[in-house]
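Residue-level structure breakdown
This is what each chain is made of:
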There are 2 protein chains.
Amino acid sequence: MVAPILNDRDMAFWLFEVFDVEQLTRRERYQDHNKESFLAAVELGRKVAEKHFLPIRQKVDTHQPTFDGQRVSMIPEIKPAIEAVNASGLACPSADYDMGGMQLPPIVASAATAYLSAAGSTTLGYTSLTNANCNLIESHGSAEQIAKWVVPMREGRFAGTMAMTEPSAGSSMADLTTSAVKSDDGSYRISGSKIFISGGDHELTENIVHLVLARVKGAPKGIKGISLFIVPKVLVNDDGSLGERNDVHLAGLFHKMGGRGQTSCALSFGERDGAVGYLVGEENKGLRYMFHMMNEARIMVGTSAAVTALTGYQYSLDYAKERPQGRLPSSKDPASAPVNIIKHPDVRRMLLAQKAYAEGAYTLCLFGAQLSDDERTAATQAEREQAHELLDFLTPMIKSWPSEYGPRANSLAIQVLGGHGYINEHPVEMFYRDNRLNAIHEGTYGVQSLDLLARKVPINNMAGYRACVAAIEATIEQAKMHESLQVFAEQLIASLALLQTTTSTLLAAMMEKPIDLALANSVKYLELFGNIVIAWMWLKQGIAAQTGLDATDHQAERDFYLGKLQALRYFFNVELPEIYAWSALLCKLESSAFDMEESWF
Amino acid sequence: MVAPILNDRDMAFWLFEVFDVEQLTRRERYQDHNKESFLAAVELGRKVAEKHFLPIRQKVDTHQPTFDGQRVSMIPEIKPAIEAVNASGLACPSADYDMGGMQLPPIVASAATAYLSAAGSTTLGYTSLTNANCNLIESHGSAEQIAKWVVPMREGRFAGTMAMTEPSAGSSMADLTTSAVKSDDGSYRISGSKIFISGGDHELTENIVHLVLARVKGAPKGIKGISLFIVPKVLVNDDGSLGERNDVHLAGLFHKMGGRGQTSCALSFGERDGAVGYLVGEENKGLRYMFHMMNEARIMVGTSAAVTALTGYQYSLDYAKERPQGRLPSSKDPASAPVNIIKHPDVRRMLLAQKAYAEGAYTLCLFGAQLSDDERTAATQAEREQAHELLDFLTPMIKSWPSEYGPRANSLAIQVLGGHGYINEHPVEMFYRDNRLNAIHEGTYGVQSLDLLARKVPINNMAGYRACVAAIEATIEQAKMHESLQVFAEQLIASLALLQTTTSTLLAAMMEKPIDLALANSVKYLELFGNIVIAWMWLKQGIAAQTGLDATDHQAERDFYLGKLQALRYFFNVELPEIYAWSALLCKLESSAFDMEESWF
């Protein structure tokens, strides 16, 4: 038996029972869609993943791309896999029809592409980054730029990247040094070095469109002087044909612990005369535009972390159901037959924890996808603004919680398999390696925690914070209508009170104490808030599960819902209570690390 | 600057200030030694590691051994590295002089070999497993067996393994099926398959001596029918010369996520006529003998996990001191120079947490090494028995706590380096991969937790438990004599009370409730007890640090001691309080995973 990539029943549960995506078909943009077309998209994702991604998964991992100084080589199987994604429409499933898209709601697109991501997260990276690149240019570029760059990317002929990080700047955008000089024809000449550029070079497409952050000569220092440029690998003539090679060169490939489906590149811009670049929007507003793509990329990262956790869970679950070993403490008779390991309570604990982490995390990612849709297609302007506010607030948690707990889930998947989990005969060790990147790229865990506590909580008189709490309270009210969920509703109410106390204490400290001290435990705050948000997601799922349970006598369906309710119970009993210890640390501004002098290390 | 493998000042602190190893020279066995010879041994370990292990570390990792169906190939650098270890005497530093050893106290040997382990944990595996194999045969084998097998192993001509795991038995020793049939000459014919045999085949030595668990035809079922055999790769004639190839064959190599310095093998015994094996001790007592080696191996595993955490900490510390990036929240002026990342409170948190985990864990491993010495060389029989009891009780924690928290430390080391931590230009991603095995081999985390709660706590009317608590209380009494440590002493007293309540509740449940339910959260109990034991180790270090601090005006020394005291403070403030939530779960026999039906997953 081959473990499923993801659980199809789960997907249908999320889409139709938790998030009721059918009502989206009332929106003009989705009027051609219906439940069947949504299910067909998910089914398509699963089939493409099973046919083109799953069979090459291990080979992709064990044959990372190489660079001989001239060109990048990778296993030949990757190109047809990506072409299959392009041919299926899953490279840009939410794009407009007239741009070659399927105009699917992002939440449905997320579910469909989840299978691809689970079976080959970084192979999919080539198309998902291209998609995000297109979305940015569509939002902030000119019509001419859309025609010239987005159209061939949507067609799969070009690929796209995001080029921010520099060797000496890292997370610190203020210190970017890549420069841009305007030339007479209105284009710019870009010079500088970028590192860790995913998909930064390859031979999979005719051309690569880099979105590059650079500083126009004379621009203000810091983040206010950053502009955004389209810098293609190959220049494109006005008729759309390929022109000369641009002055962009691959300096080298990084050898990563995981995520080996996608090249990670050091790129040199302008070693000769300067690479030709085209300004997107206005000068000095580049970081704002890039945040459009970065926020999307942050949700992609969280989603990738969550689905890698989901697929590891499915794999280890499948293994645990089939692998006999040992006996229970209550039955040590060596003459009795060994039991399948799922009978061991500790193995069930490791499976249930994975389920709680992975399904909780993915519910949050789907919720984020829905909000990203609502901020553009909800019926009223007020609803759109509300969605925007909530998504903006939740983004650090959507990015971070799955990235922190996804690897924990993958570690448990390894542990379920024991020694077999440590060898590449099984994919769980690869999931563990792949997933470790997610707490780093697109803003580290620490960066996200400062974004949450120092910016998103206090900003606009705490509007985002209050919107988030109000949304949680709305779910609590719904939950209270179910007898079985009242205990969890009460627990979440108490958690919100704790959150409020903790938040007030920290905001007061940010005014009254040295700011560096007040923010020193920001990651604990992120984790505390994140656990409450995931508890919220479990309560959402609990409401849908209890509703489903009340309405069916079908045993397999009842089992499915009971499993959801049990994972809810696990999360509230075992994981959520940790917030009390964390709140205590936060409220007393625990300072052992803050006070640690460099010379004491 | 190259990061040190380990911190030499730390080693001296542990040996001479925390554990006062100089007093060991009063024991007859160590009368030739003195402080200088102990320091020289540690220095030797560092030098051999720097010269022979560190330069090949990355190559070992990126060139795992291969098997062409006939023989195993590995990079040629491994053999001279192992020969250098053998030549230095560090392959068996605690062995008797007349067996080629240095007769070093195990705690000093642990410190000396820690450098080798940190720089090449699995390369060292060839010699450390050989050493453990010799120790077993010396304890339980015949004089003839010692002469025939141990002598060439001690000389480095032969290597040794431990062959327990079978494809369908895994952790369940009761289900071993490898069989042994006695032949007329008194030897046995062994048939069966073993997997995950570390160092199970290679061409590094003339011969390999497998210690194999097998079942003599007609033996009782379960663990009471297991015998232990010496099964060499090549038969040895009575004059010590090599004879014919034994019927032991490499079926294949496993490809591991990490730990690639050492082959992991599937071995076939007796595919033709049966492999010739020689019984160790008596029939059906094999598992008891093997536990001799396994307990030693468990301490080795914990030690390897701890030193991998220590070296990752050193590396990330070095990086954090040298890498400029970003500014503090209090100083956002983009015109100011970026600070080294150690100035960021969250980076200091990640460094201090690593220090607390790694140094706490390694202190416990050294304590275990000392107990393993005391149980053989302490002055009185009573002291020896006491040491044996305490070591036996602590072994699951010595094995498990470093294996769980070591990888956490290594994950933090990656995070300190950010994207650079995820690529193989730096070794921290390798440490993370290497360390993940330690919670699996030599008894998984779950197996250790059952060993602790179901066996070691209740056995002998809780004698081990009481010995452990008494030892902790003795340290608390010492700590109370230092003003600065009283708050931690009080906290540890409260923790012991919590431990007592939790333990009593669980033991009562084991009598009154279904045993499988009572044991269902055994891993939480292991983690709770482990955190208390590590807090104890930090208090031990705190006493030595405060004593040192009171006696010196030397700034670098003061800084060192202040760092120790700060890590103590971190552990007690941030990590130890987690036990309250865990105790609450344990005391109410939290059962969400236990109650989860297989069909609900």
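Residues numbered from 1 in each chain as written. Chains lettered and ligands numbered in written order. Predicted model: local features only at pLDDT ≥ 70, side-chain atom pairs only at ≥ 80, totals over all residues. Heavy atoms only, no water.

So, on to the domain arrangement of chain A. Taken domain by domain, chain A comprises domain 1 (8-140), domain 2 (158-287) and domain 3 (458-601). Taking only C-alpha atoms, the centre of domain 2 of chain A and the centre of domain 3 of chain A are 40 Å apart. (Domains from an automatic or database assignment.)

With 89 residues of chain B at the interface, the matching set in chain A holds 89 residues. Of the roughly 7,900 Å² buried between chain B and chain A, counting both surfaces, carbon and sulfur atoms make up 59%. Counting the surface chain B buries against chain A, the share from its top three residues, Tyr-422, Trp-600 and Phe-601 of chain B, is 11%. At the boundary of chain B and chain A, one finds six salt bridges. Across the pair Asp-175 of chain A and Arg-327 of chain B runs a salt bridge, and its minimum N-O distance is 2.5 Å. There are 41 residue pairs in polar contact (both at pLDDT 80 or more) connecting chain B and chain A. For the side of chain B that touches chain A, the element with the highest residue contribution is helix α16 (residues 555-575) of chain B, accounting for eight residues. (Contact = heavy atoms within 4.5 Å. Buried area = accessible area lost by both parts, 1.4 Å probe. Salt bridge = Lys/Arg side-chain N within 4 Å of Asp/Glu carboxyl O. Polar contact = N/O pair within 3.5 Å; in protein donor to acceptor, adjacent residues only side chain to side chain. Helix = DSSP H or I, 4+ residues; strand = E, 2+ residues; numbered from the N terminus.)

Another aspect to go through is the packing of helix α7 (residues 286-322) of chain B against helix α10 (residues 428-435) of chain B. Residues and elements named next belong to chain B. With their axes 10 Å apart at the nearest point, α7 and α10 run at an angle of 165° to one another. Put simply, α7 runs roughly antiparallel to α10. When the axes of α7 and α10 are compared, the crossing they make is left-handed. Across the interface between the two elements, Ala-305, Thr-308, Ala-309, Thr-311, Gly-312 and Tyr-315 from α7 touch Val-428, Phe-431 and Asn-435 from α10. In terms of residue class, the contact of α7 with α10 is built from five nonpolar, four polar and no charged. (Axes fitted to C-alpha atoms, helices over the stretch in contact; angles between N-to-C directions. Parallel < 35°, antiparallel > 145°, perpendicular 65-115°, else oblique. Left-handed = near helix turned anticlockwise from the far one by under 90°. Nonpolar A, V, L, I, M, F, W, Y, C, P; charged D, E, K, R; others polar.)

With that settled, the discussion passes to helix α17 (residues 578-587) of chain A. Burial in α17 of chain A covers these residues: Glu-578, Ile-579, Trp-582, Ser-583, Leu-585 and Leu-586 of chain A. Buried positions in α17 of chain A, seen along its axis, are confined to an arc of 160° and lie on one side of it. Buried positions along α17 of chain A lie against α9 (381-417), α13 (486-512), α15 (522-550) and α16 (555-575) of chain A together with α16 and α17 (578-587) of chain B. At the exit of α17 of chain A stands Leu-589 of chain A, carrying a positive phi of roughly 50°. (Buried < 20%, exposed > 50% of the residue type's maximum accessible area, 1.4 Å probe, protein only. Arc of directions from axis to C-beta.)

Now for the pairing of strand β11 (residues 264-269) of chain B. All names here are of chain B. Buried residues dominate β11, accounting for six of its six residues. Both faces of β11 are covered, namely the face carrying Ser-264, Ala-266 and Ser-268 and the face carrying Cys-265, Leu-267 and Phe-269. Pairing analysis gives five bridges linking strand β10 (residues 248-253) to β11, with the strands arranged antiparallel. Looking across to β11, one finds that Gly-252 is bridged to Ala-266. (Pairing = 2+ DSSP bridges.)

Here we take up the nonpolar core. By size, the foremost hydrophobic cluster in this structure holds 310 residues, and its most contacted members are Tyr-362 of chain A together with Tyr-362 of chain B. The residues contacting Tyr-362 of chain B, other than those within four sequence positions of it, are Met-11, Trp-14, Ser-110, Ala-111, Ala-114, Thr-303, Ala-306, Val-307 and Leu-310 of chain B. (Core = buried A, V, L, I, M, F, W, Y, C linked by side-chain atoms within 4.5 Å.)

Counted by the stated rule, this structure contains 66 salt bridges over all chains. When the shortest N-O distance is used, the salt bridge between Asp-451 of chain A and Arg-455 of chain A registers 3.1 Å. Here Arg-455 of chain A and Asp-451 of chain A lie together in helix α11 (residues 445-456), a separation of four residues that amounts to about one turn. For the salt bridge of Asp-595 of chain A with Arg-569 of chain B, the shortest nitrogen-to-oxygen distance reads 3.2 Å.

Superposition record for chain B on chain A: RMSD 0.0 Å, screw rotation 180°, translation along axis 0.0 Å. Seen this way, the second copy is the image of the first under a two-fold rotation axis. The share of interface residues of chain B whose copies in chain A are also at the interface is 100%, consistent with both copies meeting through the same surface. (Least-squares fit on C-alpha atoms with pLDDT ≥ 70 in both.)

Turning to the confidence of the model for chain A, a few remarks are in order. Detailed reading of the predicted model is not advised wherever pLDDT is low. The pLDDT averaged across chain A works out to 96; a share of 100% of its residues lies at or above 70. Model confidence for the complex is summarised by a pTM of 0.97, with the ipTM given as 0.97. (pLDDT = per-residue confidence, 0-100.)

Moving on, we come to the pairing of strand β11 (residues 264-269) of chain A. Bridging between strand β5 (residues 188-198) of chain A and β11 of chain A involves five bridges; their strand directions are antiparallel. Bridge pairing in β11 of chain A links Ser-198 of chain A to Ser-264 of chain A.

The subject of this paragraph is the packing of helix α8 (residues 345-377) of chain B against α16 of chain B. Residues and elements named next belong to chain B. Taken N-terminus to C-terminus, the directions of α8 and α16 make an angle of 90°; their axes are 9 Å apart at the nearest point. Classified by the angle their axes make, α8 and α16 are roughly perpendicular. Contact residues: α8 offers Leu-352, Ala-353, Lys-355, Ala-356, Tyr-357 and Glu-359, while α16 offers Gly-563, Lys-564, Gln-566, Ala-567, Tyr-570, Phe-571 and Glu-575. By residue class, the composition of the contact of α8 with α16 is seven nonpolar, two polar and four charged.

Here we take up the environment of Asn-410 of chain B. All names here are of chain B. Position of Asn-410 relative to the elements: it lies in helix α9 (residues 381-417). Relative accessible area serves as the criterion here: at 0%, Asn-410 is assigned to the buried category. Between the alpha carbons of Asn-410 and Gln-354 there is a distance of 7.7 Å; along the sequence they are 56 residues apart. Sequence-distant contacts of Asn-410, defined by excluding residues within four places in its chain, comprise Thr-308, Ala-309, Gly-312, Phe-431, Tyr-432 and Asn-435.

Mapped onto the secondary structure, Asp-346 of chain B falls in helix α8. Judged by its relative accessible area of 15%, Asp-346 of chain B falls in the buried class. At a separation of 2.6 Å, a polar atom in the side chain of Asp-346 of chain B contacts the side chain of Arg-349 of chain B. With sequence-adjacent residues up to four places away left out, Asp-346 of chain B is seen in contact with Gly-446 and Val-523 of chain A.

The UniProt record marks residues 45-156 of chain A with the feature "domain: Acyl-CoA dehydrogenase/oxidase N-terminal" (unreviewed entry), using the residue numbering of this structure. This span, residues 45-156 of chain A, is 65% helix and 4% strand, and a straight line between its end C-alpha atoms measures 17 Å. (UniProt positions renumbered as here; feature names shortened; annotations may be inferred.)

Once that is clear, we can look at the packing of aromatic side chains. Considering all chains together, one arrives at 39 aromatic pairs over all chains under this definition. Judged by centre distance (4.8 Å) and plane angle (10°), the rings of Tyr-432 of chain A and Tyr-432 of chain B are stacked. One end of the pair, Tyr-432 of chain A, is in helix α10 (residues 428-435); the other, Tyr-432 of chain B, is in helix α10, on a second chain. Each member of the pair Tyr-432 of chain A and Tyr-432 of chain B is classed as buried. Here a set of aromatic residues connected by ring pairs shows up, and it is made of Tyr-357, Trp-401, Tyr-405 and Phe-571 of chain A. One cation-aromatic arrangement involves Arg-9 of chain B over Phe-560 of chain B; the distance from NZ or CZ to the ring centre is 4.5 Å. (Phe/Tyr/Trp six-rings, centres within 6.5 Å; stacked < 30°, edge-to-face > 60°. Lys NZ or Arg CZ within 6 Å of the ring centre and 35° of its normal.)

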